[in-house]
Structure formats: C-alpha cells, structure tokens
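Fold and geometry: a report
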Amino acid sequence: MINNRISTISFFKKISYNKKLQQRSIDDINLIVIHCTELPDLRVAREYAERIIYPSGTGNCGHFYIDTDGQTYQWVDLERVAHHVRGFNTTSIGIELSHPGRYPNWYHADDQDITQNYPQQQITSLLKLLDTLKISIPALRFITGHEQLDTEMITAKDQPNIKIRRKIDPGPTFPWATISKHTQLSFLETTEDYE
Ligand SMILES: [Zn+2]
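Residues numbered from 1 in each chain as written. Predicted model: local features only at pLDDT ≥ 70, side-chain atom pairs only at ≥ 80, totals over all residues. Heavy atoms only, no water.

Here we come to the packing of aromatic side chains. Scanning the entire structure with this criterion turns up ten aromatic pairs. With 3.9 Å between their ring centres and 25° between their planes, Y65 and W75 make a pair best called stacked. With Y65 in strand β2 (residues 64-66) and W75 in the loop between β3 (72-74) and β4 (92-97), the pair connects residues that are ten residues apart, well separated along the chain. Judged by its relative accessible area of 0%, W75 is buried. Centroid distance W176 to F187: 4.7 Å. Interplanar angle 55°. Geometry classified as tilted. Note that W176 is positioned in helix α5 (residues 176-182) and F187 in strand β8 (residues 186-187), a separation of eleven residues in sequence. Accessibility expressed as a relative area gives 18% for W176, which makes it buried. Following the ring pairs from residue to residue traces out a cluster consisting of F11, F12, Y65, Y73 and W75. Residue placement shows R46 over the ring face of W75; its charged tip is 4.5 Å from the ring centre. Note that R51 overlies the ring of Y48, its terminal NZ or CZ placed 4.0 Å from the centroid. (Phe/Tyr/Trp six-rings, centres within 6.5 Å; stacked < 30°, edge-to-face > 60°. Helix = DSSP H or I, 4+ residues; strand = E, 2+ residues; numbered from the N terminus. Buried < 20%, exposed > 50% of the residue type's maximum accessible area, 1.4 Å probe, protein only. Lys NZ or Arg CZ within 6 Å of the ring centre and 35° of its normal.)

Right, here's the structure in full:
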C-alpha cells in the first residue's frame, strides 16, 4: 500500500528530465498522437519513461498519461519536445493510455492480437483532455495513432521467418469512431495526409 501511495504521488510530478527536453513554441504544435503504453500499469510505464537513453540525458515519454480509472497526468510540459514517435516529435503531443497491448511478448509472432478494451472512464478522460488542448492550442488540427505514423515491420523475436509490426498502438480496440464523433481534429490515415 505504501508503494502504491508513493507511486500515485510521483505520477503528479513531471518526468525528471522535463527541463532537459528541447524547447518549442505552443504555436509549433498541430498534431496529437495517441499511444497505449503496452505495459501492465502506470507504475511500470513511469519506470520505463524515466529511463535515460539519449545523450541529452532524456528518454522516451509522452506528454500525458491516462490511467485505466480515467485519472490524467501530465509528465512533460507542452513547450517541450517529448520523444514518443519517430519523425513527428517536434510538432506533436503524445497522449499515452495505460493499456497492456501486447505485453509482455511484444515481438512474439503468436502474441500480436490485442483484445482488451479501453475502459469507458479512460476514454471519457481522453475526450476531456482533447477538448482542453483544442482550446489552449490554436494551431492544433490533426489526431492520429502511433501505428499510423510508424508502420515499420520487424522480424519476430521467436520466429525469424515472420515479420510483425514494430508498433500497434493504440491498436484495434481503440474507439476511433467515438473520438472522431467528438472532436473536430482531422484523423490522419497515413503520414501522406500530414502537411
Ligand atoms: Zn506508442
């Protein structure tokens, strides 16, 4: 229980390297990228996000994290470029939904089906966050998923003759229809729709 309480408190803190991330203007942001953590819970997601993997003393992290109970946390300032997607970081906001995805066998050929639904309270919180961001960021125009932007195929870890997707998040159970009904942001099917 004590561990849980400490974790919850730390979720309200920005990521430790927040101020080391490259600065940008709010006007540079026009895209929201939806992710799922592909991890068992938010505590583990925080551990991964805190890992330093770049020479700048930073790591991979989204701007926002939404837990399965709908609680929303901001780990990176909007005026900072977070590393959450290849090629689109400088103009985007990363929103991570806590969801197991393919965990723990992300790259095993027979574990590529994502079947777990996103809880209603998590999606309700996401819609609220999208509304807030649309109001506070005038240039915001697009929304898409990580899997739409990163379509790389890689060799399965357990079966070298099979190719799998490097990224399938937020995955097939993510309710895109609900999102597009609610928001005025345009959905990017592919990177070619992005200008
Ligand atoms: Zn992702």
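Tallied over the full model, the rule gives eight salt bridges. In this structure, E47 and R43 form a salt bridge, with 3.0 Å as the shortest nitrogen-oxygen distance. Of this pair, E47 and R43 are both found in helix α2 (residues 42-50), four residues apart, which corresponds to roughly one turn of the helix. For E47, a relative accessible area of 42% translates into the label partly exposed. Each of R86, D150, E152 and R166 takes part in a single network of salt bridges with overlapping partners. (Salt bridge = Lys/Arg side-chain N within 4 Å of Asp/Glu carboxyl O.)

Bringing the coordination of the zinc ion into the picture now. The protein atoms that coordinate the zinc ion are H35 (ND1), H146 (ND1) and D169 (OD), at distances of 2.0 to 2.2 Å. For the zinc ion, all donor residues lie on one chain, and their spacing in sequence is H-x110-H-x22-D. Pair noted here: H35 is in strand β1 (residues 31-36) and H146 is in helix α4 (residues 146-149), with a separation of 111 residues, a long-range link. Like H35, the residue H146 is buried in the burial classification. (Donors = N, O, S within 2.8 Å, 3.2 Å for Na, K, Ca; no water.)

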